[in-house]
Amino acid sequence: MGKLAVYRYVAMMFLVIQVVVSIFTFVALFGGNVTPVGNSARAMLVYVLPLLILANVVLIVYWAVRRRWLLLAIPVITVACCVPYMGTMYQVPFFHDEDAARQNGLKIASYNVAMFNRETSGFMAQDILAEMRSQNVDILCMQEYNESSGDKKNSDSYKEYFPYMAKGRDDMVIYSRYPINQHKTMLFEETNNSAMWADIDVKGNEYRVFNVHLETTGINRTLRKAGKLAAQNYNVPTNRVLDAIYGNYMMGMYFRAGQAIQVANEVRKSANPVLLCGDFNDVPYSFVYNTVLGDMVDGFRECGKGWMSTFRGGKKAVRIDYIFHDQSIKGLDYYKTDITYSDHYPVFMKIAI
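Attention in this report is confined to the structure presented alongside it. (Residues numbered from 1 in each chain as written. Predicted model: local features only at pLDDT ≥ 70, side-chain atom pairs only at ≥ 80, totals over all residues. Heavy atoms only, no water.)

1. Some details on a nonpolar patch on the surface
A cluster of nonpolar side chains, namely Val48, Leu51, Leu54, Val57, Val58, Val61 and Val65, defines an oily patch on the protein surface of about 620 Å² accessible area. Here Val58 shows up in helix 3 (residues 49-66). (Patch = residues over 30% accessible without salt bridge, like charges linked within 9 Å, V, L, I, M, F, W, Y side chains within 5 Å. Areas by Shrake-Rupley, 256 points an atom, 1.4 Å probe, with all protein chains shown as cover. Salt bridge = Lys/Arg side-chain N within 4 Å of Asp/Glu carboxyl O. Helix = DSSP H or I, 4+ residues; strand = E, 2+ residues; numbered from the N terminus.)

In structure tokens:
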């Protein structure tokens, strides 16, 4: 094969790669618009969208080096269409309104406390309370709450700062410095996860605050089980482990999709402006994210800055914890703090009253 033939072969190979990568990228961008039930392949592409964007960036460099300007336009346009997605994970600090962030407002926090690591001394719950005090939090939504480490050990100190509390299921709670008029628990079928809401009167303005904890992926649980079997010298075929991981992940995705629809329907019933917090166990642009968000505003995209990742377990830098709000509400600031009491980071948002 001559040099010219090799050159043409390589050029054609990269062109095919470019077309495939661009098609997959666009399918992934819109994969969150369809339910994963019956569309699992499209839904799964959302989770590799960062890798697809990275592949397009590499191809931009390749076409630029080759000076193939017409072909360079393909990955450039593809990446440009991904800017809204990238905005769910990164906001340019230059555009952050520091003056608005310093204004007085209502501070709300969402934190998956991972059962306080099941420690029963109450020290961890006290440290978390101290963090909420230092951040001047007015409303705190906790997921994976454990009352044995929480209110049973720390009821007086929490009530001193948060005089009002509403409990949902055993692992859900909303603390507030303002009166809670009513609340409701939302149970999900087939799983132990749940959601709740509370109507909170803030200086004459009533908000409906949702606290949501959706079904987990199940991957870590499956990996731990496979690790234990391997440690016990059981001969477990690799394909069985992979099938179990895939099956658990798909089942979790199906459950989350149904739970997201249930939450979205409940949000639409609210006559009060909605503030929605929670651990979705899902990434931006997924079906779950799009369904729960609806016509609300993602607080981070409105007034956050820099990179936003909220899950620290297993060194996975992903964003799965959110605070959304009605369009009638103005966001002033959005951030997280790097405290390490849980495998999640707490997320904070300040809104104008």
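So much for the structure itself; the text now carries on.
2. Some points on the sheet that holds strand 4 (residues 164-167)
Pairing in this open sheet of six strands is mixed, and the strands run 4-5-3-2-14-13 from one edge to the other. Taken across any chain shown, the strands that pair with only one partner, and hence form the sheet edges, are strand 4 and strand 13 (331-336). For this sheet the average axis-to-axis angle between neighbouring strands, irrespective of direction, equals 15 degrees. Bridge count for strand 2 (residues 106-112) against strand 3 (residues 139-143) is five bridges, and the pairing is parallel. The partner of Ala109 across the bridge, within strand 3, is Leu140. Taken strand by strand, helix 7 (residues 123-134) contacts strand 2, strand 3 and strand 14 (347-351), and its axis lies near 155 degrees from that of strand 2. (Pairing = 2+ DSSP bridges. Axes fitted to C-alpha atoms, helices over the stretch in contact; angles between N-to-C directions. Contact = heavy atoms within 4.5 Å.)

3. Details of the sheet that holds strand 8 (residues 205-213)
Here six strands make up an open sheet; going across it, the order is 6-7-8-9-12-10 and the pairing mixed. Each edge of the open sheet carries a strand with a single partner, namely strand 6 (180-187) and strand 10 (297-298).

4. Digging into helix 7
Counted at 1.5 Å a residue, the expected span for helix 7 with its twelve residues is 16 Å, and the 17 Å between its end C-alpha atoms agrees. Restricting attention to buried positions, one finds in helix 7 the residues Met124, Ala125, Ile128, Leu129, Glu131 and Met132. Buried positions in helix 7, seen along its axis, are confined to an arc of 155 degrees and lie on one side of it. Of the residues flanking the end of helix 7, it is Asn136, one or two places downstream, whose phi is positive at about 55 degrees. (Expected span 1.5 Å × (residues − 1). Buried < 20%, exposed > 50% of the residue type's maximum accessible area, 1.4 Å probe, protein only. Arc of directions from axis to C-beta.)

5. Some remarks on the packing of aromatic side chains
Throughout the structure, instances matching the rule amount to 17 aromatic pairs. Between Phe116 and Tyr145, the aromatic rings sit 5.8 Å apart at their centres with planes inclined by 75 degrees, giving edge-to-face as the arrangement. Of this pair, Phe116 sits in the loop between strand 2 and helix 7 while Tyr145 is found in the loop between strand 3 and helix 8 (151-161), placing the two residues 29 residues apart along the sequence. We classify Phe116 as buried; its relative accessible area is 0%. Relative accessible area serves as the criterion here: at 2%, Tyr145 is assigned to the buried category. Seen from their ring centres, Tyr289 and Phe324 are 5.6 Å apart, and the 85 degrees between their planes marks the pair as edge-to-face. One end of the pair, Tyr289, is in helix 11 (residues 287-293); the other, Phe324, is in strand 12 (residues 321-325), and 35 residues separate them in sequence. No difference in accessibility class separates Tyr289 from Phe324, as the two residues are buried. (Phe/Tyr/Trp six-rings, centres within 6.5 Å; stacked < 30°, edge-to-face > 60°.)

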